[in-house]
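# Architecture and fold: a report
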Amino acid sequence: MQHLHINNGTRVPHVSLLRRGIQGRFGLLTAMAAILVMSGCRQDMHNQPKMIPQRGSDFFADHRGARPQIVNTVARGQLQSDTYFYTGVVQGASGYREEKDQLPFPATMEVLERGQERFNVYCTPCHSRVGNGLGEIVQRGYKPAANLNDQVRRSQPISHYFYVMTHGYGAMPDYAEQLTPEDRWAVAAYIRALQLSQAATQADVPSGAQVRDLKDLAAEAGHADYAQPWSLPASTAVQALPHVNSEGNPGNAPANANPPKIVIPATKTAPAAAK
Ligand code: HEC
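Residues numbered from 1 in each chain as written. Predicted model: local features only at pLDDT ≥ 70, side-chain atom pairs only at ≥ 80, totals over all residues.

### A closer look at the overall build of the protein
Looking only at helices and strands, one finds ten helices and four strands in the protein. Overall, the protein shows an N-to-C arrangement of helices and strands of β-β-α-α-α-β-β-α-α-α-α-α-α-α. Out of the 275 residues belonging to the protein, those deemed buried represent 16%. For the protein, contacts bridging at least 24 residues in sequence account for 45% of all contacts bridging at least 6. (Helix = DSSP H or I, 4+ residues; strand = E, 2+ residues; numbered from the N terminus. Buried ≥ 20, exposed ≤ 12 C-beta atoms within 10 Å, placed from the backbone. Contact = placed C-beta atoms within 7 Å.)

### A few points about the packing of helix α4 (residues 109–122) against helix α9 (residues 181–198)
Between α4 and α9, the shortest axis-to-axis distance is 7 Å and the interhelical angle comes to 95°. Relative to α9, the element α4 lies roughly perpendicular. In this structure, α4 uses V111, L112, R114, G115, Q116, R118 and F119 to contact α9, whose residues at the interface are D183, A186, V187, A189, Y190 and A193. The residue makeup of the contact of α4 with α9, split by class, is eight nonpolar, two polar and three charged. (Axes fitted to C-alpha atoms, helices over the stretch in contact; angles between N-to-C directions. Parallel < 35°, antiparallel > 145°, perpendicular 65-115°, else oblique. Nonpolar A, V, L, I, M, F, W, Y, C, P; charged D, E, K, R; others polar.)

### A short note on unusual backbone geometry
At N72, a residue that is not glycine, the phi angle is positive and equals roughly 65°. Its place among the elements puts N72 in the loop between α2 (27–46) and α3 (83–87). C-beta crowding within 10 Å serves as the criterion here: with 5 such atoms nearby, N72 is assigned to the exposed category. Phi is positive for S128, which is not a glycine, with a value near 70°. Its location among the elements puts S128 in the loop between α5 (124–127) and α6 (136–139).

### Remarks on the nonpolar core
Membership of the largest hydrophobic core comes to 25 residues, with the highest contact counts inside it found for Y161, V187, A188, Y190 and I191. Of all elements in the fold, only α4, α8 (158–167) and α9 reach the threshold of two or more residues within this core. Looking at which element gives the most residues to this core, the answer is α9, with eight residues. In this structure, A188 is in contact with I158, Y161 and F162, ignoring residues within four places of it in sequence. (Core = buried A, V, L, I, M, F, W, Y, C linked by C-beta atoms within 7 Å.)

### Quick look at the packing of α8 against α9
Running from N to C, α8 and α9 cross one another at 130°; their axes reach a closest spacing of 9 Å. Comparing their axes, α9 and α8 come out oblique. The two elements α8 and α9 meet at a crossing, and its hand is right-handed. On α9, the residues touching I158, Y161, F162, M165 and T166 of α8 are R184, W185, V187, A188, I191 and R192. (Left-handed = near helix turned anticlockwise from the far one by under 90°.)

### Comments concerning α8
When you tally the buried positions in α8, you get seven out of ten residues, the bulk of the element. Taken residue by residue, α8 has I158, S159, Y161, F162, Y163, V164 and M165 as its buried positions. Immediately downstream of α8, the backbone of G168 shows phi near 80°, a positive value.

### Describing the confidence of the model for the protein
Averaged over every residue, the pLDDT of the protein is 79; residues scoring 70 or more account for 71%. Taken element by element, the protein is modelled with least confidence in strand β1 (residues 3–5), mean pLDDT 46, and with most confidence in α4, mean pLDDT 98. Per-residue pLDDT stays below 50 along residues 1–10; that stretch engages in 14 contacts with residues further than four places along the chain or on separate chains. (pLDDT = per-residue confidence, 0-100.)

### Focus on α9
With 18 residues, α9 ought to run about 26 Å at 1.5 Å a step, and its terminal C-alpha atoms sit 26 Å apart, in line with that. Every buried residue of α9 is accounted for by D183, R184, W185, A186, V187, A188, A189, Y190, I191 and L194. Buried-residue contacts for α9 involve α4 and α8. (Expected span 1.5 Å × (residues − 1).)

Dropping the structure here:
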């Protein structure tokens, strides 16, 4: 008798013999056997000899399907030899890592526009569009984000912003996942442009060009209120700590006028320590 070999090692009659059997007395029985044969084929399609991510494997001795990287090798496209571009720091003469006030590529208009677009997407919820650190999330109780236009932030080297975006800073999460290194540099470049725009003087522009005050421009457009520095609404912005510039509590955040009192209940006599 002809046999068809199936995965699990059992042998069942060949289909052509089965078909002959269907016409005979045991039609039903053989039809069921045929279904078995066909389901066997289907199983073959299910269990394809291919690798599925994170699935175990009998091929390798350690039974891991995902292979570890080979020591002392770099995968194609992962050689990050331009350290400054990828980290924002260089090895200083002192042996420590140092930030630099330099973009790793020219700041073209295209770069600044990309930076503005990414900044408006990812940074304004906390830092606001003008970078004063009082964005919508902060107005609803998040820790005030840094005022990017204050004296401290304006004097920081440009790669500091890259570093902050890459690693996060205090209460600020990092944006390494959302922004490629190129985008992070573009945002850093845009922060510089933003700072210049918020503190431009007549000396910054070629002679003949006019620097107009934002307040006047906003007033002319009928939005006088928007040109004023704004502060946090006292009702929603909950401040755990008073605003003390010298202690690093971010700028522009007014101390809560009525700081919530923490009431510690009077303790009864302390329970005797367990012996
Ligand atoms: C979820 C809110 C939030 C978002 C979004 C956010 N930040 Fe911040 N950022 C903060 C807070 C809060 C601080 C102050 C950190 C602290 O004092 O703990 C801060 C501080 C900073 C500082 C100052 C660091 C220093 O040295 O003082 C920079 C620069 C900065 N952020 C840049 C950015 C950039 C660029 C983006 C967008 C990619 C961004 N932030 C998005 C909340 C945010």
